[in-house]
Amino acid sequence: MDIKKLTVKGIDNVRPLVIAGPCSAESREQVLKTAEELAAKGIKIFRAGIWKPRTKPGGFEGVGVEGLAWLKEVKKKTGMPVATEVATPEHVFEVLKAGIDLIWLGARTVANPFAVQALADALKGTDIPVLIKNPTNPDIELWCGAVERIYNAGVKNIGLIHRGFSSYDKKIYRNVPLWHIPIEMKRRYPNATMICDPSHMGGKRELIAPLSQQALDLNYDGLIIESHCNPDVALSDAAQQLTPDVLDYTLKMLVMRDNVQTTENINVLRGRIDEIDGKLVELLAKRMAISKEIGTYKKEHNMPVLQTKRYGDIMKDREKLAESLELNKDFVAGIMESIHRESVDVQMKIMTNREEKKAKVLKKIASKKK
Ligand code: PEP
Ligand code: MN
């Protein structure tokens, strides 16, 4: 599967690609006012939710089909392509009928394979660009599954939106970023357009700028940011929306890192990293060979694989060593945990082997007795 860069008709390959607009379309006036202010600031693509998946009933659930006409008006007046979220096949039918330029699948929808498949079926034979948000839970396979379902329906113009993952603890982020998940997505789909949604990630205005900068530092292609002409009275997500003015200021403050990758210097440093990684892997192989020997010894002496005290001692010692070398001890502890887990697995296999052999011998004895 090869996901190419997302293309939106009429939009050049700019970086960062910024999609902005209110969380929800609330009224014709609010939509048009926000869109005109954003267009005046040079925003290229307009977003607004028409159908809103609210966690609990009773919240503002969107204006529905009526709002699509407002988006069409935005497109006509400002020239900006327009985007909205779809969650059901009926939504797909309506957005296609209205000529919406771009759609996204929300985090709650992506967490539900039945819903994604129904959308994929509804999208068969269309060429509308589709952005796929990460699911609410940090399950990369679920995210990939949604990408595959949409791709298999024949939609090839796909992009990804990283909006963070929900957790019980919402002290800092509304949805924790877990940057390693989108980084792994980029490894799997190297050409895919990756867009960060700092609004739903941070959940508050003051986090938009630092999260956007982090995304750009990680070489993201774009940002989708909620912007409302009067955020304080917004019917949804009021705390995280920026006025078009503040959004413009925020975007101007962002630092774009130089994208040119290969200089003499970095190549030398990368060469050293490659060499060290090679040594690390060789050392791991040596360590694992010894671990196997220990496994055989334990088997022969009828010792259990897990020696809790020994494991505790190893961890304490390595953490102390890490600190003395000015390394983050939690980072080293994570690596040691993973090495230990693999060692235990390998030794368990040796034990199981013994059990298999024992079973064979017992079977032989039993059959002789008969
Ligand atoms: C949205 O973008 O308006 C939205 C509802 O986002 P999410 O699916 O990320 O919660
Ligand atoms: Mn929102």
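Please read all numbers here as calculations on a predicted model, not as lab measurements.

(A) How the structure looks around the side chain of H340. Structurally, H340 can be placed in helix 13 (residues 329-369). Assessed through its relative accessible area of 18%, H340 is described here as buried. Aside from chain neighbours lying at most four places away, what touches H340 is L306 and Y311.

(B) Looking closely at the environment of N353. By secondary structure assignment, the location of N353 is in helix 13. A relative accessible area of 34% means that N353 is categorised as partly exposed. Once the C-alpha coordinates of N353 and L131 are considered, the two residues, 222 residues apart in sequence, prove to be 49 Å apart.

(C) The packing of aromatic side chains, seen in detail. Here the structure, examined in full by the defined rule, presents 1 aromatic pair. Looking at K156, its charged tip hangs above the ring of Y151, at a distance of 4.0 Å from the centre.

(D) Structural detail: the coordination of the manganese ion (ligand 2). Distances from the manganese ion (ligand 2) to its protein donors, C23 (SG), H200 (NE2), E226 (OE) and D237 (OD), fall at 2.0 to 2.4 Å. Sequence spacing of the donor residues for the manganese ion (ligand 2), all on one chain, is C-x176-H-x25-E-x10-D. Of this pair, C23 sits in the loop between strand 1 (17-21) and helix 1 (28-40) while H200 sits in helix 8 (residues 198-202), and the two are 177 residues apart along the sequence. The class of C23 is buried, set by a relative accessible area of 0%. Judged by relative accessible area, which is 10%, H200 ranks as buried.

Calculation notes
- Once a new chain begins, its residue numbering starts again from 1 and follows that chain's sequence as written.
- The order in which chains are written sets their letters, starting at A; the order in which ligands are written sets their numbers, starting at 1.
- Predicted model: local features are reported for residues with pLDDT of at least 70 only, side-chain atom pairs are reported and counted for 80 or more only, and whole-chain, interface and lining totals are derived from all residues.
- Water and hydrogen atoms play no part in the side-chain values, which are based on all heavy atoms of the structure.
- Secondary structure elements are taken from DSSP: a helix is a run of H or I of four residues or more, a strand is a run of E of two residues or more, and numbering for both begins at the N terminus.
- We call a residue buried when its accessible area falls under 20% of the maximum for its residue type, exposed when it is over 50%, and partly exposed in between, using a 1.4 Å probe and counting protein chains only.
- Working rule for contacts: check all heavy atoms of both residues, and any pair within 4.5 Å makes them a contact.
- Geometry of aromatic contacts follows a simple scheme: Phe, Tyr and Trp rings, the Trp one being its six-membered ring, pair when their centres are within 6.5 Å, and the pair is stacked under 30 degrees between planes, edge-to-face over 60, tilted otherwise.
- Charge-over-ring contacts are defined here by two conditions on Lys NZ or Arg CZ: a distance within 6 Å of the ring centre and an angle within 35 degrees of the ring normal.
- Here a donor is any nitrogen, oxygen or sulfur atom (N, O, S) within 2.8 Å of the metal, with 3.2 Å used for Na, K and Ca; water is not among the atoms considered, so some sites may look incomplete.

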